[in-house]
Amino acid sequence: MLNIFKPLLRHLGLSSCFMASLTGMSLTPALAQQSVEQFYKGRTITLTIPTSPGGINDISGRLVSRHLGRFIPGQPNIIVQNVPGGGGLIAANKLFNTAEHDGTVIAIIQRGTPQLAIQGDPQAKFDPLKFTWLGSLSSYASDRYLLLVNAQSPVKSAEDLRKTAMRIKLGGDQPGSTNLTFAVMAKLVLGLNIDIVRGYPGAAPMFLAMQNGELDGQVIGYNSVRAGQPHLWNDKLLRPLVQFGRETRLPELADTPTGQELVSDPAAKALLAFAELPFQMALPFLAPPGLPADRASALQTAFVQMVKDPAFLEDAAKVNIEISAIDGAGVVDVIRKMAATPKEVIARYNEIDSSVRQ
């Protein structure tokens, strides 16, 4: 194209060197592209959180928002936006389908949300393997998911809910939220006498309902309750009855049985194993699919660098967030394990899940 205008350029007295530079620019369009640092410098990244303020996802999201930008070339500012609803599906669908796919939007999602797509949930309008996974703050190496009640409850153990007429009311979020999933598992797989009250937008409102007498308890992470409600835990105002997430008990919860210990049927154990897989990517961060490769790599590298940073680890300790991080590839491995679960196990899991959605 430039050759057409060469006679005119010569007529205007422009030098051959200038024309050569224009020719070089036309032949090397990559020179006009922004580097990752140039793209992010002066920009703002929005980090969406799928729950209301106060719970573990919110605390973790805000923790990452304070540090991740330091490790991204160009050091962009990061702001937080809470997008609660649908047990995380609203935020996940938005991230996959309508969010900017340029690296200016990232998110934390609830650990059980990717599994909804594998279950075939029609409301999960995304492919979890196509997201740009940054990593997870926790693989649950030093954490567990606890079914707990108020300490003043007459229920002292899981066996009280299996062998007596005692019943408790547990709170639950929307379908896809981990607290609801394990409230259901405790009721239908472990055989505990539980009534589930759904529709709470997060852990903090459920703790308020527990204090008001509307609920007896909820199912929540060990580190989550210590981070979000340290006074209730430290003052022994809560009593754990069951721990989920791993086959072994945490040493500091040596008197609390695991869900796997409370069942002997192989089919029940398989259901629990499928349900517990998301804990291996307990606090996952991600970006939309289809990001420019260099920006995706920069975000993933930044996450790995951040979780090893002393200032980040010190800040995490202050808010009682257990860091046993895995990278984006590690998250993908967990999702592939979910997808490899036998169809009959997923089908049974879906039956259980559907029974409480009606």
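Use the structure listed above.
All residue numbers refer to positions counted from 1 along the written sequence of the respective chain. Selection of residues for local features in this predicted model requires a pLDDT of at least 70, selection of side-chain atom pairs for listing and counting requires 80 or more, and totals for whole chains, interfaces and linings are taken over all residues. Based on all heavy atoms of the structure, the side-chain values leave hydrogens and waters out of the count.

With that out of the way, let us pick up the overall build of the chain. Along its length, the chain carries 16 helices and 11 strands. Among the 358 residues that make up the chain, the fraction classed as buried is 54%. Residue contacts follow a heavy-atom distance rule, with two residues in contact if any of their heavy atoms lie within 4.5 Å. For the chain, long-range pairs separated by at least 24 residues make up 78% of all intrachain contacts whose partners lie at least 6 apart in sequence. Calculation of accessible area relied on Shrake-Rupley with a 1.4 Å probe; when residues are assessed, cover is drawn exclusively from the protein chains displayed. Accessible surface, the chain as shown: approximately 15700 Å² in total, 55% of it carbon and sulfur. Strands here are runs of E lasting at least two residues and helices are runs of H or I lasting at least four, both read from the DSSP assignment and numbered beginning at the N terminus. Exposure categories follow from relative accessible area, calculated using a 1.4 Å probe and restricted to protein chains: below 20% of the type maximum is buried, above 50% is exposed, and the middle band is partly exposed.

With that settled, consider helix H13 (residues 293–306). To estimate the expected span of a helix, subtract one from its residue number and multiply by 1.5 Å. Look at H13: 20 Å from first C-alpha to last across 14 residues, which is about the 20 Å you get at 1.5 Å a residue. Arg295, Ala296, Ala298, Leu299, Ala302, Phe303 and Met306 are the residues of H13 that are buried. Seen along its axis, H13 keeps its buried residues to an arc of 160 degrees; they face one direction. Each direction from the helix axis to a C-beta atom contributes to the arc, which is the arc of those directions.

On strand S10 (residues 284–287), burial covers both faces: Pro284 and Leu286 on one face and Phe285 and Ala287 on the other are all buried. Note: strand S3 (residues 105–108) against S10, 2 bridges, orientation antiparallel. Residue alanine 107 lies in a different strand from S10, and its bridge partner there is leucine 286. Here the rule is simple: two strands pair whenever DSSP picks up at least two bridges between them. Inspection of the sheet shows strand S4 (residues 132–136) paired to S10 by 4 bridges, in the antiparallel sense. In the sheet register, threonine 132 faces S10, and the bridge partner there is alanine 287.

In a regular helix each residue adds 1.5 Å, so 12 residues correspond to 16 Å; helix H4 (residues 56–67) covers 17 Å between its end C-alpha atoms and thus fits that length. The buried fraction of H4 amounts to 10 of the 12 residues, a majority that puts the element mostly inside the structure.

Right, let's get into the nonpolar core. In this description, a nonpolar core means a group of buried Ala, Val, Leu, Ile, Met, Phe, Trp, Tyr and Cys residues linked to one another through side-chain atoms lying within 4.5 Å. Among the nonpolar cores identified, the biggest contains 58 residues, and Trp133, Leu147, Leu190, Leu192, Val242 and Phe244 are the most heavily contacted of them. The dominant element in this core, judged by the number of residues it contributes, is helix H8 (residues 178–188), at 6 residues. Setting aside chain neighbours within four positions, we find leucine 147 in contact with Ile168, Leu170, Ala186, Leu192, Ile194, Gln218, Val219, Arg239, Pro240, Leu241, Val242 and Phe244. Formed by 33 residues, the second largest nonpolar core is a distinct cluster that contains Ile59, Phe71, Leu137 and Leu291.

Relative to the helices and strands, glycine 103 is located in the loop between helix H5 (89–97) and S3. Sequence-wise, glycine 103 and phenylalanine 39 are 64 residues apart; in three dimensions their C-alpha atoms are separated by 9.4 Å. With residues up to four places along the chain from it excluded, the contact list for glycine 103 reads Tyr40, Ile45, Leu291 and Leu299.

Let us look at the packing of H4 against helix H14 (residues 310–318). Angles shown run from 0 to 180 degrees and are taken between the N-to-C directions of axes, each axis being a line fitted to C-alpha atoms and, for helices, limited to the stretch in contact. At their nearest, the axes of H4 and H14 sit 10 Å apart, and the two run at 155 degrees to each other. As summarised for this structure, H4 and H14 are arranged roughly antiparallel, according to the angle between their axes. Crossing of H4 over H14 shows right-handed handedness. For the pair H4 and H14, contact is made by Leu63, Arg66 and His67 and by Ala311, Phe312, Asp315 and Ala316, respectively. Roughly parallel means an angle under 35 degrees; roughly antiparallel, over 145; roughly perpendicular, 65 to 115; everything else is oblique. Each crossing is labelled by how the near helix is turned from the far one, with a counterclockwise turn of less than a right angle marking it left-handed and a clockwise turn marking it right-handed.

What follows is about the pattern of salt bridges. Counted as salt bridges are all cases of a side-chain nitrogen of Lys or Arg within 4 Å of a carboxyl oxygen of Asp or Glu. According to the stated counting rule, one finds 8 salt bridges in the structure shown. With a shortest N-O distance of 2.7 Å, arginine 249 and glutamate 261 are connected by a salt bridge. Placement of arginine 249 in the loop between strand S9 (238–244) and helix H12 (266–276) and of glutamate 261 in the loop between S9 and H12 is noted, with a sequence separation of 12 residues between them. Exposure remark for arginine 249: the relative accessible area of 31% places this residue in the partly exposed category. Given the relative accessible area of 41%, glutamate 261 is considered partly exposed. Notably, a salt bridge pairs arginine 348 with glutamate 351, separated by 3.1 Å at the nearest N-O pair. With arginine 348 and glutamate 351 both in helix H16 (residues 343–355) and 3 residues apart, this pair spans about one turn of that helix.

Across the sheet, 6 strands lie side by side as S2-S1-S3-S10-S4-S11; this open sheet has mixed pairing. With one partner strand each, in any of the chains shown, strand S2 (77–82) and strand S11 (326–327) form the two edges of the open sheet. Along the sheet, H13 contacts strand S1 (44–49), S3, S4, S10 and S11; its crossing angle with S4, the most-contacted strand, is approximately 0 degrees. Against the sheet, helix H15 (residues 328–339) engages S4 and S11, with an angle of about 100 degrees to S4.

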